[in-house]
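# Notes for the structure review
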Amino acid sequence: MKCCYCKTENDLRPYGPKGSMVCFKCAMATPEREKETGRNFGAQQEAAGPIAVIGTEVGPFPVEHLRPNAIVSGLPRAED
Ligand SMILES: [Zn+2]
């Protein structure tokens, strides 16, 4: 996967035009891109449901799809 603008392969998110991969720097490079990024993120987070997992390279997804051994910050751990 490469950023659709600068072709970096680091820290990409699927919030570019039509869901294409984009790096944070490019996503925030212009007011138009920043707006589109926010719109795409919002739409994907909403589609993922009330408890979405963010901060991963695949974008928000439903917490039910988490692997059992995944580490989720901010959520209580089962053994606590
Ligand atoms: Zn980029």
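Here we summarise the structure given alongside this text.

How each quantity is defined
- Residues numbered from 1 in each chain as written.
- Predicted model: local features only at pLDDT ≥ 70, side-chain atom pairs only at ≥ 80, totals over all residues.
- Helix = DSSP H or I, 4+ residues; strand = E, 2+ residues; numbered from the N terminus.
- Buried ≥ 20, exposed ≤ 12 C-beta atoms within 10 Å, placed from the backbone.
- Contact = placed C-beta atoms within 7 Å.
- Core = buried A, V, L, I, M, F, W, Y, C linked by C-beta atoms within 7 Å.

When helices and strands are tallied, the chain shows 2 helices and 4 strands. Taken across its 80 residues, the chain has 18% of its residues classed as buried. Of the contacts formed within the chain by residues at least 6 apart in sequence, a portion of 11% connects residues at least 24 apart.

In this section: the nonpolar core. Of all hydrophobic cores here, the largest spans 7 residues; its members are Cys3, Leu12, Tyr15, Met21, Val22, Cys23 and Ala27. For Met21, the residues in contact, after removing those within four places along its chain, are Met1, Lys2, Cys3, Cys4, Leu12, Pro14 and Gly16.

With that settled, consider unusual backbone geometry. The backbone of Lys7 shows a phi angle near 70°, a positive value even though the residue is not glycine. As for its placement among the helices and strands, Lys7 is situated in the segment before strand S1 (12–13).

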